Amino acid sequence: MVRHSSLFSQIVGFFDRNQFARLVSEHDAERNSKGFKCWDHFVSMLFCQIAQAKSLREISGGLASANGKLRHLGMKQSPSKSTLSYANQKRPWEMYRSLFYETLGKCQALVPTRHKFRFKNKLLSLDSSTISLCLRLFPWAKFRRTKGAVKLHLLLDHDGYLPSFVHITTGGTHDVTVARNLNIAPESIVAMDRAYNDYKLFSRWTKGHVHFVTRTKSNAAYRVVETRTVPKNRNIISDEEIEFTDKKSYEKCPHRLRKIVVFDKDNDRYIELLTNHMTFGATTIAAIYKDRWQIELFFKAIKQNLRIKTFVGTSENALMIQIWTALIAMLIIKFLQAKSKFGWSLSNLVAFLRWNLFTHRDLWAWIDQPYDVLPLEPISVQLMLPFT
C-alpha cells in the first residue's frame, strides 16, 4: 500500500496553486496556450533543474517515463519537445520572477533565522557572476567580440543566506549600475568587493544611513583625520578615519570614512577595507567582509548543482525562464536543507533528490533519515472488533 506520493510531487506541493493561478492571470501567461498550461510548463522546468536534464528531449522523456505519477504533479501528460520549446520562447519570463519572490517570502517566513553576528542590523552581500554563452547561439547576449554572456546580480541576505534581490543583465552591464538602483533599508550593512567603488553611491548611502564594507581603491587619494586604537593580539594592522583629498572624489563623497588594514594569514596579504560605520570594532568590520564569501559560495552552488551554465533554449526568453527556475529550485533546496536534521551538504541533497525524485516516501521523514529502508510489507492497521 502506497501511503505517500513521490518526493517530487511533495516538492511541487510546496507551491500554492491559487497563488500560481493569480500570477498567471496577472502576466496573461496562458494567452494562446493551446492546452499546455503554465503549471505544466513550470513543473517541466523545475524537473529540468532538480533532475539536471540536459535537453528538451531529456525533460520530455524523463517525465514520460514516470508512468502513472504525473497526475500527482497536476499534469495529464508530459509535453513534447516542440511544445516545451515554444513555451520557453513565448511564455513571459516575468511570471517566473514573480514566482521567485513569492517563494522567497514563504521560505523566509517558515525559516526565520539570524546571522551569526551579535548586532541586529540587516547584513547583506552584493555581487555578480558572469555566465558565459556562445555568441553564435546567443547573438542577443553580445559581451565581447567573440564572446557572449549574461550577468547575474544578486543581493544575499545573511539571515539564512537567501537571495533577497536578483537582477539579470547582459554581460556588459557594470556592477555599479545595478547597485545605484537598489533601495536598501536604513541601518542595513552591505558587504561588497572593490568593483562597487563609487563615491557618489557611498555618499548617498551615508546620507541614507546605509552602511557599507568594501575594499579601498589602490589609487585612492586621502588624508588621515584621526587614528584609532588597534585591538591587541588580532590581525588588525591599522584603523584610521580619512577624508578624500582629490577634488572630484571629495565633491562626490565629502563624508569622513574609515579605513582598516587587515592581515590575511591564509593568503599572506594585507587587505585595506573602507567603511562608513564608525561604531563597530575593527575586528567586527573585518569579520563582516570575510562573511561576504557566502555569496561566492552561493554562486558556486547554483552553478555546480543546477542547470544554469548550459541551456535548453537559445532565445533570451528561454534563458531567463531557466535561470529564474534555477533560483526557485535553489530556494526550495536550501529550505529543505534548513529544515532537515540530517546535516546535508547542499550538493549531496541535490544528488539524493535527483536519484529519488519518484520514490514514494514521506519527504520530511526522508530528509531526516534518507538511509532508512522501509519494510517490504506495511504493518496492518486493521482494528479488531471487541467481541465479548
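Note on numbering: residues in each chain are counted from 1, in written sequence order. Predicted model: local features are reported for residues with pLDDT of at least 70 only, side-chain atom pairs are reported and counted for 80 or more only, and whole-chain, interface and lining totals are derived from all residues. Water and hydrogen atoms play no part in the side-chain values, which are based on all heavy atoms of the structure.

1. Things to note about the overall build of the protein chain
Here a strand is any run of E in DSSP of at least two residues, a helix any run of H or I of at least four, and the numbering for each starts at the N terminus. Broken down by element type, the protein chain carries 14 helices and 10 strands. Reported as C-alpha extents along the three principal axes, the dimensions of the protein chain are approximately 90 × 65 × 35 Å. For the exposure calls, accessible area comes from a 1.4 Å probe over protein chains only, and a residue counts as buried if that area is under 20% of its type's maximum, exposed if over 50%, partly exposed in between. Considering the protein chain as a whole, with its 388 residues, one finds that 50% of them fall into the buried category. A fraction of 62% describes how many contacts in the protein chain between residues 6 or more apart in sequence connect residues 24 or more apart. Charge-centre separation for the protein chain: the mean point of 57 positive side chains lies 5 Å from the mean point of 33 negative side chains. Between two residues, a contact is recorded if the distance between any of their heavy atoms is within 4.5 Å. Residues scored as positive are Lys and Arg, those scored as negative are Asp and Glu, and His as well as the terminal groups of each chain are ignored. Each charge is placed at NZ for Lys, CZ for Arg, CG for Asp and CD for Glu.

2. Describing helix H13 (residues 346–355)
Every α-helix winds through 3.6 residues per turn, so residues three or four apart in the chain are directed the same way. All of the buried residues in H13 are Leu346, Leu349, Val350, Ala351, Phe352 and Leu353. In this structure, the buried side of H13 is in contact with helix H1 (7–12), helix H3 (38–50), helix H11 (293–305), helix H12 (316–339) and helix H14 (363–368).

3. With respect to the pattern of salt bridges
We count a salt bridge whenever a side-chain nitrogen from Lys or Arg sits within 4 Å of a carboxyl oxygen from Asp or Glu. Applying the stated criterion across every chain, the model contains 17 salt bridges. For Glu102, the salt bridge identified is with Arg22, shortest N-O distance 2.5 Å. A residue pair is termed long-range when its members are at least 10 positions apart, and Glu102 in helix H6 (residues 94–110) and Arg22 in helix H2 (residues 17–27) qualify at 80 residues. Judged by its relative accessible area of 27%, Glu102 is partly exposed. Among the salt bridges present, the one from Asp239 reaches Arg258, with a minimum N-O distance of 2.9 Å. Note that Asp239 is positioned in strand E8 (residues 236–244) and Arg258 in strand E9 (residues 257–264), a separation of 19 residues in sequence. Judged by relative accessible area, which is 1%, Arg258 ranks as buried. Where salt bridges share partners, they join Glu226, Arg228, Glu241 and Arg256 into one cluster.

4. Regarding a positive patch on the surface
Side chains of Lys200, Lys217, Lys248 and Lys252 sit close together on the surface and give a patch of like positive charge. Position of Lys248 relative to the elements: it lies in helix H9 (residues 247–252). Its relative accessible area of 62% is what places Lys248 among the exposed residues. Only residues whose relative accessible area exceeds 30% and that take part in no salt bridge are eligible for patches, with like-charged residues grouped when within 9 Å of each other and nonpolar side chains (Val, Leu, Ile, Met, Phe, Trp, Tyr) grouped when within 5 Å. Only the protein chains shown count as cover for residues, and the accessible areas themselves come from Shrake-Rupley with a 1.4 Å probe.

5. Let's talk about the packing of aromatic side chains
Classification of ring pairs rests on two measures: the distance between centres of Phe, Tyr or Trp rings, Trp counted by its six-membered ring, which must be within 6.5 Å, and the angle between planes, read as stacked under 30 degrees, edge-to-face over 60 and tilted in between. If you walk through the whole model with that rule in mind, you get 28 aromatic pairs. Here the aromatic rings of Phe20 and Phe42 are separated by 5.6 Å at their centres, their planes lie at 40°, and the arrangement is tilted. Taken as a pair, Phe20 in helix H2 and Phe42 in helix H3 lie far apart in primary sequence, 22 residues in all. Under the relative-accessibility criterion, Phe20 is labelled buried at 5%. On the basis of an interplanar angle of 90° and a centroid distance of 5.8 Å, the ring pair of Phe352 and Tyr371 is categorised as edge-to-face. Highlighted residues: Phe352 in helix H13 and Tyr371 in the segment after H14, separated in sequence by 19 residues. Aromatic rings pair up to connect Phe14, Phe15, Phe20, Trp39, Phe42, Tyr96, Phe335 and Trp364 into one cluster. Placement of a positive charge over a ring is assigned whenever Lys NZ or Arg CZ falls within 6 Å of the ring centre and within 35 degrees of the normal to the ring plane. Arg17 extends its terminal NZ or CZ atom over the ring of Trp39, reaching a point 4.1 Å from the ring centre.

6. Some words on the nonpolar core
Residue types Ala, Val, Leu, Ile, Met, Phe, Trp, Tyr and Cys, when buried and joined through side-chain atoms within 4.5 Å, form a set referred to as a nonpolar core. Residues Phe8, Phe42, Ile59, Ile323, Trp324, Leu327 and Trp366 are the most contacted members of the largest nonpolar core, which totals 83 residues. Here this core gets 15 residues from one element, more than from any other, and that element is H12. Counting 21 residues, the second-largest nonpolar core is a separate cluster that includes Leu155, Ile184, Ala220 and Phe244.

7. Here we look at H6
Its 17 residues place the ends of H6 25 Å apart at the C-alpha level, agreeing with the 24 Å of an ideal helix rising 1.5 Å per residue. Listed as buried for H6 are Met95, Tyr96, Leu99, Phe100, Thr103, Leu104 and Cys107. In this fold, the buried residues of H6 make contact with H2, H3, strand E4 (162–170) and H12. Under the convention used throughout, the expected extent of a helix is 1.5 Å for every residue step, that is, one less than its residue count.

8. Things to note about the side chain of Gln52
Residue placement: Gln52 occurs in the loop between H3 and helix H4 (56–64). Polar contacts here mean pairs of N or O atoms no more than 3.5 Å apart (in protein, one a potential hydrogen donor and the other a potential acceptor; neighbouring residues in sequence count only if both atoms are side-chain atoms). A polar contact of 2.7 Å, which involves the side chain of Gln52, links it to the backbone oxygen of Asn305. What Gln52 contacts, discounting residues up to four positions off in sequence, is Phe47, Glu58, Gln304, Asn305, Leu306, Arg307, Val350 and Arg354.

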